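Here is how the chains run, residue by residue.
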Amino acid sequence: MKQANHHPLAWIDCELAVLEEQGLRRRLLAREGPQAARLVIDGRELVHFGSNDYLGLAADRRLADAVIEVTRREGWGSGASPLLSGFARDHQRLQQRLAEFEGTEAALLFSSGFAANAGTIAALVGPGDVVFTDRTNHASLLDGCRLSRADVRVYPHCDSQRLDRLLAKSGKYRRRLITTDGVFSMDGDLAPLPELVELAERHDAMLMVDEAHATGVFGRRGRGVAEHLGVEDRVDIRVGTLSKALGCIGGFVAGSQPLIDWLLSHSRPYVFSTAGPAAAAAAAVVALDIVRDEPQRREGLLARAGQLCDALSEQGWNTANSASQIIPVIVGEPQRATELSAGLRDRGLFVPAIRPPTVPEGEARLRISLTGGHTDEMTAALLTALRELR
Ligand SMILES: *Cc1c(COP(=O)(O)O)cnc(C)c1O
């Protein structure tokens, strides 16, 4: 019989009250209408500097048409994990296209970038191994490290010298894996990949680069930062997502055929999770066509980002080492970031404030992300508003 005073979840009320008090409780805001450069929230239209739709493809008609066509023909649900019967021709075609796009032997599709990262690390290292991770790597990489039960060594952000010293002391381990974001989500800076590939080669370590913010954006063909920095052939394990610049859903790993064969048999989020809809895979093929045929999208984006970053620095804002379409404006205290975000919102601009623990104490910031639909007028309005608020 249930006892009257038994409240096993009562602690949650207390914890939520603490979050509320600290201004850290999170709430969902429902967007109305498509993901685009303008956003309607609470009936108000705002210019949107808070999405990952970097090439403006999320609401592209061509993707929607592909989804509708395949859904009409094959239905929506995939009905099983890929190794059972969930894997369809459209998934196969997408994996072939991803391998071609990346210039690798093979590629494997996951249900999300998160699953791809966590599931790949945990399949590559285990007890008796060691994994090295940049302090500001994405949560999915860190969770993969923990899940693997390998020893985890966190190195300071982009600090190759420190990583070199840690690697030098790792001789007792069976395998070594270095993991890094290509573009870092909160700082918008780039990993020092030429140094990292050199370290990996010298210390006999595997190197895994998460190109979530760079796939479709960086590099001559849009392969990511590894291509941009000329080292893509020396990165053993390349992870990307379809859900940011490509405007779709799902994650992928690209690399050698043995790597993909291994993940296919050993990565638990791959083996034990239902395949995405075939229609979603078909849309991603269309997105890859667009990335190939319309390079002006990524070139325009990065040119605009460079100009905005320079203009912000001229106004005296701290944009850290941003070298991408993600531009932080670091202001220090969380209240200041929240105030600025509110001030921008009053002026019709949506720019999220990012506070600890997402970023380190004392580094609260605005996080501007540019996308395909932004115009010169929109970034000019942002600069004017920030000058007023300074
Ligand atoms: C968004 C993101 C992911 C996760 O990708 P999803 O497809 O959204 O699950 C992984 N790594 C980084 C760096 C990201 O920013």
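As a starting point, this report considers the structure included with it. Bear in mind that the values here come from a model prediction, so they are computed numbers and not experimental data. (Residues numbered from 1 in each chain as written. Predicted model: local features only at pLDDT ≥ 70, side-chain atom pairs only at ≥ 80, totals over all residues. Heavy atoms only, no water.)

### Section: helix H10 (residues 257-266)
Logical step 1: Here H10 has its buried residues at Leu-259, Ile-260 and Leu-263. Taken down its axis, H10 places every buried residue within 95° of arc, on the same side. Away from the buried face of H10 by more than 90 degrees, exposed residues Pro-258 and Ser-265 are located.
Logical step 2: Each element contacted by the buried residues of H10 is listed here: strand E3 (106-110), helix H5 (113-124), strand E8 (237-241), strand E9 (251-255) and helix H11 (268-271).
Logical step 3: For H10, the capping residue at the N-terminal end is Ser-256, with a side-chain oxygen 3.2 Å from the backbone nitrogen of Leu-259. (Buried < 20%, exposed > 50% of the residue type's maximum accessible area, 1.4 Å probe, protein only. Helix = DSSP H or I, 4+ residues; strand = E, 2+ residues; numbered from the N terminus. Arc of directions from axis to C-beta. Contact = heavy atoms within 4.5 Å. Polar contact = N/O pair within 3.5 Å; in protein donor to acceptor, adjacent residues only side chain to side chain.)

### Side note on the pairing of strand E1 (residues 38-41)
Logical step 1: On E1, burial follows the alternation: Leu-39 and Ile-41 on one face are buried, whereas Arg-38 and Val-40 on the facing-out side are not.
Logical step 2: Pairing of E1 with strand E2 (residues 44-48), which is carried by 4 bridges, proceeds in the antiparallel orientation. The partner of Ile-41 across the bridge, within E2, is Arg-44.
Logical step 3: Count of turn residues in the E1/E2 antiparallel hairpin: 2 residues, of which Asp-42 carries a positive phi of about 50°. (Pairing = 2+ DSSP bridges.)

### A short note on the site of the ligand
Logical step 1: In the vicinity of the ligand, 14 residues are found, and the nearest of them are Asp-210, His-213, Thr-241, Ser-243 and Lys-244.
Logical step 2: Take His-138: an N or O atom from its side chain is 3.4 Å from a nitrogen atom of the ligand.
Logical step 3: Contact between the ligand and Lys-244: an oxygen atom at 2.5 Å from a side-chain N or O atom of the residue.
Logical step 4: For the ligand, whose accessible area on its own is 370 Å², the fraction buried by protein is 85%.
Logical step 5: Considering every element that reaches the shell around the ligand, the biggest residue donor is H5, with 3 residues.
Logical step 6: Within the shell around the ligand, the residues separate by chemical class into 2 nonpolar, 9 polar and 3 charged. (Near = heavy atom within 4 Å. Areas by Shrake-Rupley, 256 points an atom, 1.4 Å probe, with all protein chains shown as cover. Nonpolar A, V, L, I, M, F, W, Y, C, P; charged D, E, K, R; others polar.)

### Some remarks on the environment of Ala-36
Logical step 1: Tracing the backbone through its elements, the reader meets Ala-36 in the loop between helix H1 (10-21) and E1.
Logical step 2: The sequence separation of Ala-36 and Gln-22 amounts to 14 residues, and the corresponding C-alpha distance is 32 Å.

### A short note on the packing of aromatic side chains
Logical step 1: Using the criterion set out here, one finds 1 aromatic pair in the structure.
Logical step 2: Centroid distance Phe-110 to Tyr-270: 5.5 Å. Interplanar angle 65°. Geometry classified as edge-to-face. Here Phe-110 is found in strand E3, whereas its partner Tyr-270 is found in helix H11, with 160 residues between them in sequence.
Logical step 3: Its relative accessible area of 5% is what places Phe-110 among the buried residues.
Logical step 4: Judged by its relative accessible area of 4%, Tyr-270 falls in the buried class.
Logical step 5: Against the face of Trp-317 rests Arg-390, its NZ or CZ located 4.8 Å from the ring centre. (Phe/Tyr/Trp six-rings, centres within 6.5 Å; stacked < 30°, edge-to-face > 60°. Lys NZ or Arg CZ within 6 Å of the ring centre and 35° of its normal.)

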